[in-house]
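# Observations on the three-dimensional arrangement
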Amino acid sequence: MNLLLARILFFVGSMIVGYQAGDMVGIAVGGGAALVMIVIEIGLRKVSVSGLSSAVFGLILGLIMAKLVGDAFSLAPLAASTLSTIRVTLTLVFCYLGMVMALRGKDEFNIIIPYVRLRRQDQAEEITIVDTSVIIDGRIVDICKTKFLGGKVIIPKFVLRELQQIADSTDPIKRQRGRRGLEILHTVQKESGLDITISEEDFAETTEVDAKLVKLAKLLEAKILTVDFNLNQVATIQGIKVLNINELANALKPLVFPGEQMQIKLIKEGKEHNQAIGYLDDGTMVVVEDARRLLGQEVKVAVTSVLQTQAGRMIFTKIER
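Residues numbered from 1 in each chain as written. Predicted model: local features only at pLDDT ≥ 70, side-chain atom pairs only at ≥ 80, totals over all residues. Heavy atoms only, no water.

Next up on the list: the confidence of the model for the protein. Confidence in the prediction for the protein averages 81 pLDDT; 88% of positions are at 70 or higher. Between residues 110-123, whose pLDDT stays under 50, and residues either more than four places distant or in other chains, the model counts 20 contacts. (pLDDT = per-residue confidence, 0-100. Contact = heavy atoms within 4.5 Å.)

Below is the structure:
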């Protein structure tokens, strides 16, 4: 049953109840009341389930506190009207404070209804949250096809919004990257065979997408899949497991050892004097000493050293005589 059908049934049911209560006037009142409720329901669609459950938790806590404090006041020799006023005031104050505090701290609750994990500890479900950079990068399609990712894959709604903003950018390069990301996301959903879920959870008090990803990962005890170096560092510092595709790609690059020979085409000049640079098929940079004069040619080189950096692997070589 979709939402439209549910709304129609609710509207018709309200008019029937109104007719039974007061003929044609009752029909109008019932239909009007149903329309008002439907409008309110549409307005509440941005409210997350966790936010609603947090508010309910705070409301219950406020009612309990108001009852306890009101009972304490009842021990004093107060008039019934005064005591009644105090109870009403306490109920309003504590319910308001309880709801506000619960909503502000909703990210700290692990017992909130949507996130109760009714499972055995030895059967914990793996959850991976996908970052915007991974979708735009594109390699996630091949990774999904190889079945290296398991468990549930979550794509937050705020990541989709960021991707849409990039796709709508006035900058043609950003717009192309955004549209490519949307196409990749469609391919992943259609062909990956993974359990992919769109999460409606948002954190209105936080504006940065990276900060929202970290909060969601903490809330769901999930991993973050990214190629963003800064997000990788921030998440790791906060104790969140990170799957970095760049680190995976570097780990899968073939090993080379000093003295090993290879053929490389020299493409451009290096930063240092008389250096030339070429690239292996996997994108690894190869720096060749004393080879600037040979730009555009394919030469035979011998490996002198290998440097592993955060950006990737660099191979230093010299011309093989």
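Quick look at the sheet that holds strand β3 (residues 195-199) now. Taken in spatial order, the five strands make up an open sheet running β3-β2-β1-β4-β5, and their pairing is parallel. Lying at the two open borders of the sheet, with one neighbouring strand each, are β3 and β5 (242-244). Adjacent strand axes in the sheet meet at a mean angle of 30°, parallel and antiparallel pairs treated alike. In this sheet, strand β2 (residues 152-156) lies alongside strand β1 (residues 127-130) in parallel orientation, the contact comprising three bridges. (Pairing = 2+ DSSP bridges. Helix = DSSP H or I, 4+ residues; strand = E, 2+ residues; numbered from the N terminus. Axes fitted to C-alpha atoms, helices over the stretch in contact; angles between N-to-C directions.)

Moving on, we come to empty space enclosed by the protein. Summed over the entire model, instances satisfying the criterion amount to one cavity of 30 Å³ or more. Counted as a void, the largest cavity has a volume near 40 Å³. Around the largest cavity sit V130, I135, I140, V153, I155, L185 and V188, which together line it. Mapped by element, the contributors of at least two residues to the lining of the largest cavity are β2 and α7 (172-191). Of the residues in the lining of the largest cavity, the class split is seven nonpolar, no polar and no charged. (1 Å grid on protein atoms, 1.4 Å probe; cavity = no way out; pocket = protein on both sides within 12 Å on 5 of 7 lines; lining within 4 Å. Points joined across faces, edges and corners; volume = space filled by probe spheres on them. Nonpolar A, V, L, I, M, F, W, Y, C, P; charged D, E, K, R; others polar.)

Contact geometry for helix α6 (residues 157-167) and helix α8 (residues 209-220): axes closest at 10 Å, N-to-C directions at 160°. Our classification of the angle between α6 and α8 gives roughly antiparallel. As for how α6 packs across α8, the hand of that crossing is left-handed. Residues F158, V159, R161 and E162 of α6 form the contact with α8, whose participating residues are V209, K212, L213 and L216. For the contact of α6 with α8, the per-class residue count stands at five nonpolar, no polar and three charged. (Parallel < 35°, antiparallel > 145°, perpendicular 65-115°, else oblique. Left-handed = near helix turned anticlockwise from the far one by under 90°.)

Looking now at the pairing of strand β7 (residues 276-279). Each regular strand displays side chains that alternate between the two surfaces of the sheet. Two strands pair when backbone bridges link them, and strand β6 (residues 261-269) and β7 are joined in this way by three bridges, in the antiparallel orientation. Counterpart to E269 in the pairing with β7 is A276. The turn joining β6 and β7, which pair antiparallel and follow one another in sequence, is formed by six residues; a positive phi near 70° is taken by N274. Examined bridge by bridge, β7 and strand β8 (residues 285-289) share four bridges and lie antiparallel to one another. Paired with Y279 across the two strands is M285, which belongs to β8.

Between α6 and α7, the least distance of the axes is 6 Å, while the angle of their chain directions is 135°. For the element pair α6 / α7, the angle class is oblique. Packed against α6, whose contacting residues are L160, L163, Q164, I166 and A167, the element α7 presents K174, R175, G178, R179, G181, L182 and L185 at the interface. Here the contact of α6 with α7 is built from residues that sort into six nonpolar, three polar and three charged.

Below, the discussion takes up the nonpolar core. One finds I140 and L213 to be the most contacted residues of the largest nonpolar core, which totals 38 residues. Looking at this core, the element that brings in the most residues is α8, giving six residues. M262, I264, A276 and I319 belong to the second-largest nonpolar core, a separate cluster that totals 14 residues. (Core = buried A, V, L, I, M, F, W, Y, C linked by side-chain atoms within 4.5 Å. Buried < 20%, exposed > 50% of the residue type's maximum accessible area, 1.4 Å probe, protein only.)

All right, on to α8 then. The terminal C-alpha atoms of α8 lie 16 Å apart, and with twelve residues this matches the ideal 16 Å at 1.5 Å per residue to within 8%. Of all the positions in α8, only V209, K212, L213, V214, L216, A217, L219 and L220 are classed as buried. Of the residues flanking the end of α8, it is E221, one or two places downstream, whose phi is positive at about 55°. (Expected span 1.5 Å × (residues − 1).)

For the rest of this paragraph, the subject is the environment of I315. Relative to the elements of secondary structure, I315 occurs in strand β10 (residues 312-319). The exposure class assigned to I315 is buried, which follows from its relative accessible area of 1%. Considering only alpha carbons, one finds I315 and I277, 38 residues apart in sequence, at a separation of 9.9 Å. Ignoring anything within four residues of it in the chain, the contact list for I315 reads V256, L280, T284, M285, V286, V287, V303 and S305.

Okay, α6 next. Structural remark: α-helix, 3.6 residues per turn; residues separated by three or four positions point the same way. Of the positions making up α6, those classed as buried are F158, V159, L163, I166 and A167. Buried positions along α6 lie against β1, α4 (132-137), β2, α7 and α8.

Moving on to a nonpolar patch on the surface. On the surface, L52, V56, F57, I60, L61, I64, M65 and L68 cluster together into a nonpolar patch covering about 720 Å² of accessible area. Following the sequence through the fold, I60 ends up in helix α2 (residues 49-74). Taking the relative accessible area as the measure of exposure, I60 reaches 46% and is therefore partly exposed. (Patch = residues over 30% accessible without salt bridge, like charges linked within 9 Å, V, L, I, M, F, W, Y side chains within 5 Å. Areas by Shrake-Rupley, 256 points an atom, 1.4 Å probe, with all protein chains shown as cover. Salt bridge = Lys/Arg side-chain N within 4 Å of Asp/Glu carboxyl O.)

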